[in-house]
Amino acid sequence: MANYLLLSQLIVYVFIFALSLCLSVPVSIHLNNFRGHCLLFSSGNWSNKGQLMVEWSSSFYCSYVIFVGGILLISSLIQIYRLSIFLYKGVDSSFLSAFIDTITSTLLSIMSLAAAIFITLGFKAWCDAITTRYISCKDASSSDMDEKANIIIPGFYIQIGTAQFAAWSAWVCSVALAVFSFLKICQYHQRANIVASMAKERQRLVRDPYDKSHPIA
C-alpha cells in the first residue's frame, strides 16, 4: 500500500505542476493586457457614449493568485524530484517527513482555496458589471470596451476562466495529497504499535517462559 500511496502522490504533484502554470501564466498575461489592472472585484458603469467607466480594484487579488501559482510550481518540482528518487530506490519517507508533507499539503490546500474563491467571486463581480450591456461575459471578451484606458480586452474570459479551473483543481489535488500523507502517518503509527506490542510480548515471554496462558509452539 505504501508504494501505491507514493505513486499516487507523485502523479498528483505532476498534475499540480501543470495546474500551477495554468494558474499563474493566464493571470500574468491578463495583468499585462490590462496594464497592471486586475479585473477581479473591479466594477464600473456604462457612460452614454457606450464606454465602461471602470472602478479598478486592488491588484492584490491577481498578485496573490500568481503568488500561489508560483508556490505550487516550486513545491511540485521539489516533491516530484524527491518522490521520484524514493520510488526509484524502493523506499519511502519517514514518519517526520510524512507529517511535514501533511502540514505542507494542508497549507497548499488553504492557499489554493483562497485563490479559487478570489477568482470566482472577483470574476463574478466583473461580469455583473459588464453584462448590464452585453448578453454574457463571454461576449464582452470579444469586444473592445475601454479604448481610452488603453487596455486589451479580448481574451480575458479564457484567461480568468482557465485560472479559475486551475485554482479549484489545485485545491482538490492538495486535499488529496493531505489525505495521502495522513494515511502514511496512520500506517507508521500502526506499525509502531505492532512493533511495541511484539517487543512487550517478547519481554514477557523471556521473564516467564513457562506461562501456560501463552503456550510456545
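Residues numbered from 1 in each chain as written. Predicted model: local features only at pLDDT ≥ 70, side-chain atom pairs only at ≥ 80, totals over all residues. Heavy atoms only, no water.

(A) Looking closely at the overall build of the protein. Counting secondary structure elements, the protein contains five helices and two strands. Going residue by residue from the N terminus, the α and β elements of the protein occur as α-β-β-α-α-α-α. The proportion of buried residues among the 217 residues of the protein is 39%. Residue pairs at least 24 apart in sequence account for 73% of intrachain contacts in the protein once pairs closer than 6 positions are excluded. Accessible surface for the protein amounts to roughly 12,300 Å². Of this, 68% is attributable to carbon and sulfur atoms. (Helix = DSSP H or I, 4+ residues; strand = E, 2+ residues; numbered from the N terminus. Buried < 20%, exposed > 50% of the residue type's maximum accessible area, 1.4 Å probe, protein only. Contact = heavy atoms within 4.5 Å. Areas by Shrake-Rupley, 256 points an atom, 1.4 Å probe, with all protein chains shown as cover.)

(B) Representation of the packing of aromatic side chains. Per the stated rule, a full pass over the model turns up 13 aromatic pairs. Ring geometry for Tyr64 and Phe118: centres 5.5 Å apart, planes at 75 degrees, overall edge-to-face. Separated by 54 residues along the polypeptide, Tyr64 in helix 2 (residues 60-89) and Phe118 in helix 3 (residues 95-130) bring together distant segments of the chain. Taking 5.9 Å as the distance between ring centres and 85 degrees as the angle between the ring planes, the aromatic pair formed by Trp168 and Trp171 counts as edge-to-face. (Phe/Tyr/Trp six-rings, centres within 6.5 Å; stacked < 30°, edge-to-face > 60°.)

(C) How the structure looks around the UniProt feature "transmembrane region" (unreviewed entry) in the protein. When the UniProt feature table is mapped onto this chain, "transmembrane region" (unreviewed entry) is found at residues 12-31, 58-83, 95-119 and 165-183. Span residues 95-119 is 100% helix and 0% strand, its end C-alpha atoms 36 Å apart. With 100% helix and 0% strand, the stretch residues 165-183 has end C-alpha atoms that lie 27 Å from each other. (UniProt positions renumbered as here; feature names shortened; annotations may be inferred.)

(D) Representation of the side chain of Ser42 within the structure. Secondary-structure assignment places Ser42 in the loop between helix 1 (2-33) and strand 1 (43-46). At 2.6 Å, the side chain of Ser42 and the backbone oxygen of Cys38 are in polar contact. Residues contacting Ser42, with those up to four places away along its chain left out, are Val54, Glu55, Trp56, Ser57, Ala125 and Trp126. (Polar contact = N/O pair within 3.5 Å; in protein donor to acceptor, adjacent residues only side chain to side chain.)

(E) Representation of the nonpolar core within the structure. In terms of nonpolar packing, the biggest core is built from 41 residues, with Leu23, Leu39, Leu40, Ile119, Phe123, Trp126 and Phe156 touching the most fellow members. Sorting the residues of this core by element identifies helix 1, helix 2, helix 3 and helix 5 (156-207) as the ones contributing at least two each. It is helix 1 that provides the largest number of residues to this core, a total of ten residues. (Core = buried A, V, L, I, M, F, W, Y, C linked by side-chain atoms within 4.5 Å.)

(F) Here's a closer look at a nonpolar patch on the surface. A contiguous nonpolar patch, built from Phe95, Leu96, Phe99, Ile100, Ile103, Leu107 and Ile110 and spanning about 680 Å² of accessible area, is present on the exposed surface. Summarising the element assignment, Ile103 is placed in helix 3. (Patch = residues over 30% accessible without salt bridge, like charges linked within 9 Å, V, L, I, M, F, W, Y side chains within 5 Å. Salt bridge = Lys/Arg side-chain N within 4 Å of Asp/Glu carboxyl O.)

(G) Quick peek at the pattern of salt bridges. This model, assessed by the stated rule, comprises two salt bridges. In this structure, Asp101 engages Arg82 in a salt bridge whose closest nitrogen and oxygen atoms are separated by 3.3 Å. One end of the pair, Asp101, is in helix 3; the other, Arg82, is in helix 2, with 19 residues separating them in the sequence. With relative accessibility at 7%, the residue Asp101 sits in the buried group. What makes Arg82 buried here is its relative accessible area of 18%.

(H) Here's a closer look at unusual backbone geometry. The phi angle at Arg35 is positive, at roughly 55 degrees, despite the residue not being glycine. Tracing the backbone through its elements, the reader meets Arg35 in the loop between helix 1 and strand 1. The class for Arg35 is partly exposed, based on a relative accessible area of 44%. With a phi angle near 70 degrees, Phe41 is a residue other than glycine that sits in the positive phi range. Secondary-structure assignment places Phe41 in the loop between helix 1 and strand 1. Residue class for Phe41 comes out partly exposed when judged on its relative accessible area of 30%.

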